[in-house]
Amino acid sequence: MKAREALADALAAAGFDTVFALLGAANQDLLCDLQDRLGLRVVHGRHESAVVSMADGYARFTGRPAVATVTAGPGLTNTGTALAVARSHRSPVLLLAGDTPAGELRNPQHLRQDAFARALGCRTATLRRAADLPTVWRAARATLARGAPFVLNLPADVQQDRVPWRPGDEPPERRRPPRRPHATRVEAAARLLADARRVGILAGRGALAAGPALRELADALPAVLTTTLPANGLFAGHPHDAGVCGGLGDGRAGPALADCDTLLAVGTSLHPLSVPPLAPATTLLRVDRAAGDPADGPRPALTLHGDAAPTVRRLADLLGRDRRPGPSLRLPDRASPDPRPYQDTADTLDPRHALLALVPLLPPGHGVVVGGGHAALTACQSLPAPSPLAWTCVSTDFGAIGQALPVAVGACFARAGSRVVHVTGDGDLMMSLAELDTAVRYRLPLTVVVLNDQGFGQERHNLRRTAAGPGPADHPSPDLAALASAFGAAGHRIEGPTELAELHAAMAHREGPVLVDIRVNPAYRNPASEAVARALSHGGPAGRP
């Protein structure tokens, strides 16, 4: 069979049933084979960046690898930011990029595509001979299994070459054995936890598989449960859950951890943006597969280098056997990170007010995709996460905006039958507005809530702290509700507190895409805004939100 046919069969055999695509000359035959011969669902987007972001969203909301395909040259370069976001989030996205025929250096779309992918921090391979397909396929599968994107470049001429290989001919992949720390170190950590007056647990994205064991550990100690933002929702519903650490949480984690003399950090890099300031007497214990400790964060008293789930399970077993549970925990009440009165005007809303009204209207089984710059700060603080596979904030990955709407589109395909609520800013939305057409064409259950401050809010506040003034960040947007209606979606517009009742009608839609244009006060500045600005400008603990 032809190399592209063998690759298509390999995708189907591996369980891929959805492909996010933008058609071009160098991937059209592969795409037709996937759709027509194998019957895979092909989702056609409007921009190459968007189809990669859709695959990213699909992976975030399923926990499984996802696949996208684009054409050669500009088809690949258009995906650059979306690939960098997926790499930053550690999303297992397989990008099948068509490539110009080997040796056609004068082809106007010629590009060293492998070098481009490597510059973005992605693993990559180019199929230079059809006979190499089994080797590059194994490399792609291994990278996806590690939770990272992979770019497979497919020269148009090599795709048509014959290859004597069918999926299943290769030996089965060897599973990586779990890494376990030395037993004596685990026992030492268990003794430190048992002797603690009060324990706090901070779980990062690397701890997602350890969620059940961490809940059991929290019951045995008992311990306060908190997460970094990427692991938001891991402990949803547990009585010890204090939410997200730092300025993007809902205000519970800081006071709860301040009363802890021991902190167990699991599956987190201890990045200064994620780790709360620790008292000098706090004992820090760390569980992480990576060897070594970061140099720019608090120093652990003891590190267990191992996979999170088996390591935490062993700690829970030891503590469940040797420790009597202490008194039950009383956690702080939910407290807004910004206790100031609402800054509503006659024709705009404070974003906190808008989101407070939105939360009780969220539909059952919903997913949440947060986007935007300044708008994302208040959305992260306000919107609860049902689980890590039902909530994500895209703009914290690579510090990018403009990717969140297509991530929400991918989430809709991942969560069939459930509505996805996408909260974003007007600047973020306008950068990927074409994908509202994709949502309409596929009649997706997507509600887009735009916190519309008529410009780039974070930059506006940055400029206000200088002599320059905010003018360059002001960009009045069109009537987004009317624009949504022109696309074929339901459009709603809310201007000021007296129109807030319109939100009920907007959230009552159960079919197709909906866009809610909420005009918010551009003067409102989230307390985390300045800390985020410092982090993006200088990094380090001084920028901790």
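Residues numbered from 1 in each chain as written. Predicted model: local features only at pLDDT ≥ 70, side-chain atom pairs only at ≥ 80, totals over all residues. Heavy atoms only, no water.

1. Some words on the environment of Asp261
Now for step 1: Mapped onto the elements, Asp261 comes out in the loop between helix 11 (253-258) and strand 10 (262-266).
Now for step 2: On the basis of relative accessible area, Asp261 is assigned to the partly exposed category, the value being 24%.
Now for step 3: Distance from Asp261 to Pro310, taken between C-alpha atoms, is 25 Å for residues 49 residues apart in sequence.
Now for step 4: Setting aside residues up to four positions removed in sequence, Asp261 forms contacts with Ala196, Arg197, Arg198, Ala281, Thr282 and Thr283. (Helix = DSSP H or I, 4+ residues; strand = E, 2+ residues; numbered from the N terminus. Buried < 20%, exposed > 50% of the residue type's maximum accessible area, 1.4 Å probe, protein only. Contact = heavy atoms within 4.5 Å.)

2. Some thoughts on the side chain of Asp114
Now for step 1: By the secondary structure assignment, Asp114 is in helix 6 (residues 113-119).
Now for step 2: Here Asp114 falls in the buried class, since its relative accessible area comes to 14%.
Now for step 3: Leaving out residues up to four positions away in the same chain, Asp114 has contacts with Thr124, Thr126, Arg128 and Asn153.

3. Some points on the packing of helix 3 (residues 48-62) against helix 5 (residues 80-89)
Now for step 1: Here helix 3 crosses helix 5 at 20 degrees, and the two axes come no closer than 8 Å. Of the possible angle classes, the one that applies to helix 3 and helix 5 is roughly parallel. Considering how the two elements wind past one another, helix 3 and helix 5 form a crossing that is left-handed. Along its contact with helix 3, which presents Ser49, Val52, Ser53, Asp56 and Arg60, the element helix 5 presents Ala82, Leu83, Val85, Ala86 and His89. (Axes fitted to C-alpha atoms, helices over the stretch in contact; angles between N-to-C directions. Parallel < 35°, antiparallel > 145°, perpendicular 65-115°, else oblique. Left-handed = near helix turned anticlockwise from the far one by under 90°.)

4. Observations concerning the pattern of salt bridges
Now for step 1: Within the structure shown, the criterion is met by 23 salt bridges.
Now for step 2: Notably, a salt bridge pairs Asp56 with Arg60, separated by 2.9 Å at the nearest N-O pair. In this pair, Asp56 and Arg60 are both assigned in helix 3, four residues apart and thus about one turn of the helix distant. Side by side, Asp56 and Arg60 carry an identical accessibility label, which is buried. (Salt bridge = Lys/Arg side-chain N within 4 Å of Asp/Glu carboxyl O.)

5. Focus on unusual backbone geometry
Now for step 1: Note that the residue after Leu221, namely Pro222, is joined by a cis bond; omega there is -15 degrees.
Now for step 2: Mapped onto the elements of the fold, Pro222 is located in the loop between helix 10 (211-220) and strand 8 (223-227).
Now for step 3: In the Ramachandran plot, Arg90 falls in the positive-phi region, its phi being about 65 degrees despite a non-glycine side chain.
Now for step 4: Its location among the elements puts Arg90 in the loop between helix 5 and strand 4 (93-99).
Now for step 5: Positive phi outside glycine occurs at Phe398, with the angle close to 70 degrees.
Now for step 6: Assignment of secondary structure puts Phe398 in the loop between strand 14 (391-393) and helix 15 (404-414).

6. Considerations on the pairing of strand 11 (residues 283-288)
Looking down a regular strand, the side chains alternate between one sheet face and the other.
Now for step 1: Burial analysis of strand 11 places five of its six residues in the buried class, the great majority of the element.
Now for step 2: Two elements, strand 10 and strand 11, share five bridges in a ladder whose sense is parallel. Across the sheet, the residue bridging to Leu264 is Leu285, located in strand 11.
Now for step 3: Of the strand pairs in this sheet, strand 11 and strand 12 (residues 302-305) are connected by four bridges, and their pairing is parallel. Of the residues in strand 12, the one forming a bridge with Leu285 is Leu302. (Pairing = 2+ DSSP bridges.)

7. Considerations on the sheet that holds strand 2 (residues 41-44)
Strands belonging to one sheet form pairs held by backbone hydrogen bonds; the direction of such a pair is parallel or antiparallel.
Now for step 1: Judged by pairing direction, the sheet is parallel, and its six strands sit side by side in the order 2-1-3-4-6-5 without closing on themselves. Of all strands in the sheet, those bounded by a partner on one side alone are strand 2 and strand 5 (123-126). The sheet shows a mean angle of 20 degrees between the axes of neighbouring strands, direction not considered.
Now for step 2: The pairing of strand 5 with strand 6 (residues 150-155) spans four bridges and is parallel. In the sheet register, Arg123 faces strand 6, and the bridge partner there is Phe150.
Now for step 3: Against the sheet, helix 3 engages strand 1 (18-21), strand 2, strand 3 (66-70) and strand 4, with an angle of about 175 degrees to strand 3.

8. Some thoughts on the sheet that holds strand 10
Now for step 1: One open sheet accounts for six strands, arranged 9-8-7-10-11-12; its pairing is parallel. Sheet topology places strand 9 (241-244) and strand 12 at the edges, where each strand pairs with a single neighbour. Put simply, the sheet's adjacent strands are angled 15 degrees from each other on average, direction ignored.
Now for step 2: The strands touched by helix 9 (residues 183-195) within the sheet are strand 7 (199-203), strand 10, strand 11 and strand 12, with strand 12 carrying the most contacts at an inclination of about 135 degrees.

9. Remarks on the nonpolar core
Now for step 1: Residues Phe20 and Leu446 are the most contacted members of the largest nonpolar core, which totals 51 residues.
Now for step 2: Listing elements by their share of this core, those giving two or more residues are helix 3, strand 3, helix 5, strand 4, helix 15, helix 17 (435-441), strand 16 (446-452) and helix 19 (480-487).
Now for step 3: Not counting the four nearest positions on each side in its chain, Leu446 is found in contact with Leu405, Ala408, Val409, Cys412, Arg419, Val420, His422, Ala439, Gly512, Pro513 and Val514.
Now for step 4: If you look at the next biggest cluster of nonpolar residues, it comprises 35 residues, including Leu229, Val421, Ile494 and Leu500. (Core = buried A, V, L, I, M, F, W, Y, C linked by side-chain atoms within 4.5 Å.)

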